[in-house]
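# Report on the structure
Residue-level listing of the chains:
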Amino acid sequence: MVQKYQSPVRVYKYPFELVMAAYEKRFPTCPLIPVFLGSEILGEWRSADGAVHTVERSCRLRVDAPRLLRKIAGVEHVVFVQRNVLNWKERTLLIDAHNETFASRVTVKENCRYTVHPENEDWTCFEQSASLDVRSFFGFESTLEKIAMKQYTANVKRGKEVIEHYLNELISQGTSHIPRWTPTPVREEDACSQAVHQCPNSMVTDDPCDTPGPDPEMAAADGDKLDADYIERCLGHLTPMQESCLVQLRHWLQETHKGKIPKDEHILRFLRARDFHLDKARDMLCQSLSWRKQHQVDFLLQTWQPPAPLQEFYAGGWHYQDIDGRPLYILRLGQMDTKGLMKAVGEEALLQHVLSVNEEGQKRCEGNTRQFGRPISSWTCLLDLEGLNMRHLWRPGVKALLRMIEVVEDNYPETLGRLLIVRAPRVFPVLWTLVSPFINENTRRKFLIYSGSNYQGPGGLVDYLDKDVIPDFLGGESVCNVPEGGLVPKSLYLTEEEQEQADQLRQWSETYHAASVFRGTPHEVAMEIPEGESVITWDFDILRGDVVFSLYHIKQTLKLGPQEPGVRASGQLIDKSWVLGTDYSRVEAPLICREGQSIQGSHVTQWPGIYLLQWQMHSPSESVACSLPGVDDVLTALHSPGPKCKLLYYCEVLASEDFRGSMSSLESCTSRFSQLSATTSSSGQSHSGSVVSR
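Each value, and the rule that gives it
Sequence positions are assigned chain by chain, starting from 1 and proceeding in written order. Only residues with pLDDT of at least 70 get local features here, since the model is predicted, and only at 80 or more are side-chain atom pairs given and counted; chain-wide, interface and lining totals rely on the full set of residues. Excluding hydrogens and water, the side-chain figures rest on all heavy atoms present in the structure. What makes two strands pair is DSSP finding at least two bridges between them. Helical segments are the DSSP runs of H or I of at least four residues, strand segments are the runs of E of at least two, and each set is numbered from the N terminus. Every axis in this analysis is a line fitted to C-alpha atoms, fitted for helices over the stretch in contact. Angles between the N-to-C directions lie between 0 and 180 degrees. We call two residues contacting when some pair of their heavy atoms lies within 4.5 Å. Expected span of a helix: the number of residues minus one, times 1.5 Å. Just so you know how the angles are binned, under 35 degrees is roughly parallel, over 145 roughly antiparallel, 65 to 115 roughly perpendicular, and the rest oblique. Gly is put with the polar residues, along with every residue not named as nonpolar or charged; the nonpolar set is Ala, Val, Leu, Ile, Met, Phe, Trp, Tyr, Cys and Pro, and the charged set is Asp, Glu, Lys and Arg. In this analysis, rings of Phe, Tyr and Trp, with Trp reduced to its six-membered ring, are considered paired at centre separations within 6.5 Å, and the interplanar angle assigns stacked below 30 degrees, edge-to-face beyond 60, and tilted for intermediate values. Throughout this description, the term charge over a ring refers to an Arg CZ or Lys NZ atom that lies within 6 Å of the ring centre and within 35 degrees of the ring normal. Only residues whose relative accessible area exceeds 30% and that form no salt bridge enter a patch; like-charged residues are grouped when within 9 Å of one another, and nonpolar side chains (Val, Leu, Ile, Met, Phe, Trp, Tyr) when within 5 Å. The protein chains shown are the only cover counted for residues, whose accessible areas, like all others here, come from Shrake-Rupley with a 1.4 Å probe. Salt bridge, as used here, is a side-chain nitrogen of Lys or Arg placed within 4 Å of a carboxyl oxygen of Asp or Glu. Asp and Glu are treated as the negative residues and Lys and Arg as the positive ones, with His and the ends of the chain left uncounted. To locate a charge, take NZ of a lysine, CZ of an arginine, CG of an aspartate or CD of a glutamate. Scored from 0 to 100, pLDDT records how confident the predictor is in each individual residue. Accessible area is worked out with a 1.4 Å probe on protein chains only. A residue is then buried under 20% of its type maximum, exposed over 50%, and partly exposed in between.

### Section: the sheet that holds strand 11 (residues 379-384)
- With respect to topology, five strands assemble into an open sheet ordered 9-10-11-12-13, the strand pairing being mixed. Both outer strands of the open sheet, strand 9 (316-321) and strand 13 (447-451), are each paired with one neighbouring strand and no more. Neighbour-to-neighbour, the strand axes of the sheet open up by a mean angle of 20 degrees, direction not taken into account.
- By the bridge criterion, six bridges tie strand 11 to strand 12 (residues 416-424) in an arrangement that is parallel. Bridging from a neighbouring strand, T380 pairs with R418 of strand 12.
- Across the sheet, helix 12 (residues 347-372) lies against strand 9, strand 10 (327-331) and strand 11, angled at about 10 degrees from strand 9, the strand it touches most.

Dropping the structure here:
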């Protein structure tokens, strides 16, 4: 497995020329870096005008490893070859390094870059990336990886301190300014003799004025990069490897995610939830982004209006902050009629309200970060259980609670900083036994439980809340405006018909996916068929506008990113360079679908591979034979004020022998969404079909 490291941007608030002078002081030896034993120059070359200076060095590093491993390897130091390309004109230094020792067993590559700060030409930026690939090392592969990455990250942290040390040394010696490079006229014959004299054979090129370009990884567009000072100031202290994981995951999202990029605080929460295991955090975040998009969670605070019973009887609310500056949420669960609220508003409304609390919590954390000038990424919950009884253990209520815990754990990791549980009654252990297995172990460590009145005095709430913040109902001085709860009148309960409709809406929202189709930007869903003969089924409703529905078989390789289990890749997936009939083929005739129509159908596949369901906006002037958008269409889509077409869809793949008796296909053809849209459609038509691939 290849280990990778990518640093954030580190900023030296000094001009590039002064930083370069400090950098040169690291050679040929550097007492400040004990593992660096020394270096020698293998070759050196300057361009005719002196603008570009290339140096190749051999560097010796002491092996900081157990004596047994050094004895087996037979070495006390390793040799790296470092190539520096300093461009005084462009004010850049590009550094490439690789190991020579054990090169057949271990590959280490490092790329560094010093550049001028894009917003302040008197500041210098530094970036660094590295990779380690241990192919075979006497059976010590895992041990060597750990030793190498530990030593490397320690040197990364030390690197900035070393440069700053030499900068201070230069300034103390009276060197606080170095003039920028200016070209010096050189005669042609002198330039040629100079190049031949200084450039060793291994470094001669056809054109001595062509300087080697940066490593492809380092030559990527700058874009929006993370700054190390910003991380420390706004996100908190991270180790070099944790910084690297954040930078890599953020860059991956910028490269692959077509929607809104989450905030850095949000990305960091998922990394912390998976102990900075990059792949696990990426999968968890992708699933959450898919969930947020499906349920329009980004707009929840603007659209959610709690029903009247929730506003009156839900005993929870925000109340100042704890001693660490975390927003404080108070929930008087023991005073709340959870059974009555479930019967009055339904499980889905309660879940929406819990989600809105979590969204508001994240918003308040951002506000407190600005207010207190330090990173605050989580909030504190004070849970009062006085009054908790067997009524709260009503089975449907507990089931709904477990569902809410699961949703919050999956999509709001590391948002709870501390949970203070006070006045826990005798029935609490029963509830705890039911819910604790569903709570992440890292989250459980944040729980502090007090029974009776032992929350008062030292070791109690005063350790976590200022005295003037402790609520009056807990003996404090602060008047708390959180609703007191109480029994919900039965007159507010939903009727059986209303409850059934609420349950159906919840089931539909979990099954169907929403999509918006812009002009020139189709919505596509990829379905992977492992065997030749399977059945693709679909059921969709056109909520707004007219669309053209098509089905394609992809002959090219389609890169599908990490997806939630059971969810196919979606968005705009067909590459603009692909040619219809060559790279992909149409296996279903295009179908024009009008607003309000419900469409159900199936397709028996003939070949394995990727099949693509496509919806694109229909216009009478457009030919349905054209599947890829033109330049005008894309420009129109970019300037479009909003979605032109909207649809809800469901699709699945069935084994052909199971298709006839599949309950899934029967449910698809009798979609409740279809019944709803049929009643609102001007034509009330529904289409279905089943054909074999041609």
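### Notes on unusual backbone geometry
- Cis geometry is adopted by the peptide bond preceding P28, which originates at F27 and carries an omega value of 0 degrees.
- For P28, the location among the structural elements is in the loop between helix 1 (16-24) and strand 3 (36-46).
- Unlike most non-glycine residues, F102 shows phi in positive territory, near 55 degrees.
- Along the chain, F102 turns up in the loop between strand 6 (92-99) and strand 7 (106-116).
- Even without being glycine, Q296 reaches a positive phi, approximately 55 degrees.

### Here we look at helix 12
- With 26 residues, helix 12 should reach 38 Å at 1.5 Å per residue; the first-to-last C-alpha distance of 37 Å fits that figure.
- Just downstream of helix 12, G373 is the residue with a positive phi angle, here 70 degrees.

### Some points on the packing of helix 8 (residues 278-295) against helix 13 (residues 395-411)
- As a packed pair, helix 8 and helix 13 sit with axes 9 Å apart at the nearest point and diverge in direction by 120 degrees. Regarding the angle of helix 8 to helix 13, the classification is oblique. Judged by residue contacts, M284, S288 and W291 of helix 8 engage V407, E409, D410 and N411 from helix 13.
- Looking at the contact of helix 8 with helix 13 residue by residue, the class counts come to three nonpolar, two polar and two charged.

### Considering the packing of aromatic side chains
- In the structure shown here, the tally under the stated rule is 17 aromatic pairs.
- Aromatic side chains F540 and W615 sit 5.4 Å apart centroid to centroid with 85 degrees between the ring planes, which places their arrangement in the edge-to-face category. Placement of F540 in strand 16 (residues 534-544) and of W615 in strand 21 (residues 609-617) is noted, with a sequence separation of 75 residues between them.
- An aromatic cluster is present here, built from Y23, F27, F36, Y114 and F126 joined pairwise through their rings.
- Above the face of the F27 ring, R57 is positioned so that its terminal group lies 3.8 Å from the ring centre.
- When the ring centre of W252 is taken as origin, the NZ or CZ atom of R282, which lies over that ring, is 5.1 Å away.

### Some remarks on a negative patch on the surface
- On the surface, a cluster of negative charge is contributed by E496, E497, E498 and E500.
- Note on placement: E500 falls in helix 16 (residues 496-511).

### Digging into the confidence of the model for the chain
- Across the chain, pLDDT averages 80, with 78% of residues at or above 70.
- Scored below 50 in pLDDT, residues 191-223 shows 38 contacts in the model against residues more than four places distant or in partner chains.
- Confidence drops under pLDDT 50 across residues 622-642; counting only partners more than four residues distant or on other chains, this segment forms 36 contacts.

### Topic: the side chain of S58
- With respect to the element layout, S58 can be found in strand 4 (residues 52-62).
- If we ignore the near neighbours within four places in the chain, the residues touching S58 are G38, S39, E40, L42, V79 and F80.

### Observations concerning the pairing of strand 5 (residues 77-87)
- Burial within strand 5 is extensive, with nine of its eleven residues counted as buried.
- As paired elements, strand 4 and strand 5 share eleven bridges and run antiparallel to each other. In the sheet register, L61 faces strand 5, and the bridge partner there is V78.
- Bridge count for strand 5 against strand 6 is eight bridges, and the pairing is antiparallel. When the bridges of strand 6 are listed, Q82 appears paired with A97.

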